[in-house]
Amino acid sequence: MELIDGKKIGEEIKKEIAAKVASIIDAGGEPPHLVAVLVGEDAASQTYIASKERACKAVGFTSSVYRYDSDMTEKQLLDVVDFLNNDPEVNGFIVQLPLPAHIDASRILERIHPEKDVDGFHPLNIGRLVLGLPSYLPATPAGIMLLLERAGIATEGRHCVVLGRSNIVGTPISLLMSRKANPGNSTVTLCHSKTENLAEITRQADILIAAIGHPGFVKEDMVKAGAVVIDVGIHRIPDDSEKGYYITGDVDFEKVAPKCSYITPVPGGVGLMTIISLLLNTFKAYNHEIYP
Ligand code: GUN
């Protein structure tokens, strides 16, 4: 069994981005600028935004966070999106999810200009992904593709089983894995809460991608010997440690890992790559690569 080391792969890619930013600055240019909009006090969102800021700093991007109270109105947030859409100093921005219940997230995401939508959540970018056209790929699926690519995992012709059909992970990763590309060219099965005989299907997986949102859901008897297992889950489980919690994924790592050819750890796997994908998308926005 080999671990797919998200930290190592992420650091490699950060170095590559930092070198490109350094040459832009040496040539007298401005660095790429990423903005995150954060509404309310959600703990996981605060952590994500803090890591995003650290990563931007590490590669030399300009990074800003626009923070608002959870009682801001939908109209006020739409005005913020309009402002960022029109700000020439901003190459790309994200509106951190989840949003407070009184704000319609779809309406906000659809208002983001597709060229600045570095989260890849706008329907135009999702539509372009479906058609195989250049688009900003959503950060987590793009991170998984980078891990597979950099770890040298063969995907062509193999059976990839995806657990979970969310808009931000399960659905886009199933599309990417079936695309005519490398990584890709897999035969994909997308499983969800209504799938019957789930373990029978997951046991057929050469590549199993767990994005189901339940800690330790994937057990030993659900995995074929020699499978590649990608664990997208990130769960905080309360304990007696100083921090008050530990982090675990959707896979029962202790039991499953010995059966795998490759597995991503949690933490230290897919989670770290999400931020890297966001940096790469921001760099593409800066260079007008998707919408020249
Ligand atoms: N919340 C959890 N993951 C994400 C993400 O990738 N982007 C945004 N905007 N919000 C999130």
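Criteria and thresholds
- Residues numbered from 1 in each chain as written.
- Predicted model: local features only at pLDDT ≥ 70, side-chain atom pairs only at ≥ 80, totals over all residues.
- Heavy atoms only, no water.
- Helix = DSSP H or I, 4+ residues; strand = E, 2+ residues; numbered from the N terminus.
- Buried < 20%, exposed > 50% of the residue type's maximum accessible area, 1.4 Å probe, protein only.
- Contact = heavy atoms within 4.5 Å.
- Areas by Shrake-Rupley, 256 points an atom, 1.4 Å probe, with all protein chains shown as cover.
- Axes fitted to C-alpha atoms, helices over the stretch in contact; angles between N-to-C directions.
- Parallel < 35°, antiparallel > 145°, perpendicular 65-115°, else oblique.
- Left-handed = near helix turned anticlockwise from the far one by under 90°.
- Nonpolar A, V, L, I, M, F, W, Y, C, P; charged D, E, K, R; others polar.
- 1 Å grid on protein atoms, 1.4 Å probe; cavity = no way out; pocket = protein on both sides within 12 Å on 5 of 7 lines; lining within 4 Å.
- Points joined across faces, edges and corners; volume = space filled by probe spheres on them.
- Expected span 1.5 Å × (residues − 1).
- Arc of directions from axis to C-beta.
- Polar contact = N/O pair within 3.5 Å; in protein donor to acceptor, adjacent residues only side chain to side chain.
- Near = heavy atom within 4 Å.
- Disulfide = S-S within 2.5 Å.
- Pairing = 2+ DSSP bridges.

(A) Inspection of the overall build of the protein chain at higher detail. From N to C terminus, the protein chain includes ten helices and eleven strands. Reported as C-alpha extents along the three principal axes, the dimensions of the protein chain are approximately 50 × 40 × 40 Å. A burial count over the protein chain gives 49% of its 292 residues as buried. A sequence separation of at least 24 residues applies to 69% of the contacts in the protein chain between residues at least 6 apart. Within the structure as shown, the protein chain displays about 13900 Å² of accessible surface, and the carbon and sulfur contribution to it stands at 52%.

(B) Helix H7 (residues 170-178), seen in detail. All of the buried residues along H7 are Gly170, Pro172, Ile173, Ser174, Leu176 and Met177. The elements touched by buried residues of H7 are helix H5 (123-131), helix H6 (139-150), strand E5 (159-163), strand E6 (187-191) and strand E7 (207-210).

(C) Structural view of the packing of H6 against H7. Where H6 contacts H7, the axes come no closer than 9 Å and their chain directions differ by 40°. Classified by the angle their axes make, H6 and H7 are oblique. In this structure, the crossing between H6 and H7 has a hand that is right-handed. Note on element contacts: H7 touches H6 through Pro172, Ile173, Leu176 and Met177, opposite Pro141, Ile144, Met145 and Leu148. Considering only residue class, the contact of H6 with H7 consists of eight nonpolar, no polar and no charged.

(D) Representation of the layout of surface pockets. Volume-wise, the second largest pocket comes out at about 530 Å³. Taken together, 24 residues form the lining of the second largest pocket, with Leu137, Leu146, Glu149, Leu280 and Lys284 sitting closest to its centre. The set of elements that each furnish at least two residues to the lining of the second largest pocket consists of helix H1 (6-26), H6 and helix H10 (270-286). A class-by-class count of the residues in the lining of the second largest pocket yields 13 nonpolar, four polar and seven charged.

(E) Structural view of the packing of H1 against H6. Across the interface, H1 lies against H6 with an axial gap of 11 Å and an inter-helix angle of 95°. Here H6 runs roughly perpendicular to H1, going by the angle between their axes. Only Leu146, Leu147 and Arg150 of H6 make contact with H1, whose side of the interface consists of Gly6, Ile9, Glu12, Ile13 and Glu16. Residues belonging to the contact of H1 with H6 are distributed by class as follows: four nonpolar, one polar and three charged.

(F) Molecular detail of H1. Relative to the 30 Å expected for 21 residues at 1.5 Å per residue, H1 spans 30 Å between its end C-alpha atoms, a close match to the ideal helical length. Of all the positions in H1, only Gly6, Ile9, Gly10, Ile13, Lys14, Ile17, Val21 and Ile24 are classed as buried. The arc enclosing the buried residues of H1, seen along the axis, measures out at 130°, which places them on a common side. Turned more than 90 degrees off the buried face of H1, the exposed positions are Lys8, Lys15 and Asp26. Its side-chain oxygen at 3.0 Å from the backbone nitrogen of Lys7, Asp5 defines the N-terminal cap of H1.

(G) Structural context of the site of the ligand. The environment of the ligand is made up of Tyr48, Val95, Gln96, Leu97, Asp119 and Phe121. Measuring from a nitrogen atom of the ligand, one finds a backbone N or O atom of Leu97 at 2.9 Å. In the environment of the ligand, a nitrogen atom lies 2.5 Å from a nitrogen or oxygen atom belonging to the side chain of Asp119. Coverage of the ligand by the protein chains reaches 81% of its 280 Å² of free accessible surface. Residue composition of the shell around the ligand, grouped by class: four nonpolar, one polar and one charged.

(H) Structural view of the state of the cysteines. Tallied over the entire structure, the rule returns zero disulfides. Summary of cysteine pairing: Cys160 is not part of a disulfide, and the nearest cysteine sulfur, belonging to Cys191, is at 9.9 Å. A relative accessible area of 0% means that Cys160 is categorised as buried.

(I) Representation of the sheet that holds strand E8 (residues 228-231) within the structure. Strand order in the open sheet made by the six strands is E1-E11-E8-E7-E5-E6, with parallel pairing throughout. Since the sheet does not close on itself, it has two edges, and those belong to strand E1 (2-3) and E6, each with one partner. The sheet strands contacting H7 are E5, E6 and E7, and the helix crosses E6 at an angle near 170°.

(J) Broad picture of the pairing of strand E9 (residues 235-238). Sheet topology note: the E9/strand E10 (residues 245-248) ladder contains four bridges and is antiparallel. Across the sheet, residue His235 finds its bridge partner in E10, namely Thr248. The antiparallel pairing of E9 with E10 creates a hairpin that spans six residues between the two strands, and Gly244 there sits at a positive phi of about 95°.

(K) Structural context of the side chain of Thr264. Mapping Thr264 onto the fold places it in the loop between strand E11 (262-263) and H10. A polar atom in the side chain of Thr264 sits 2.8 Å from the backbone nitrogen of Asp231. Beyond its immediate stretch of four places on either side in the chain, Thr264 contacts Ile4, Leu147, Val229, Ile230, Asp231, Phe253, Gly269 and Val270.

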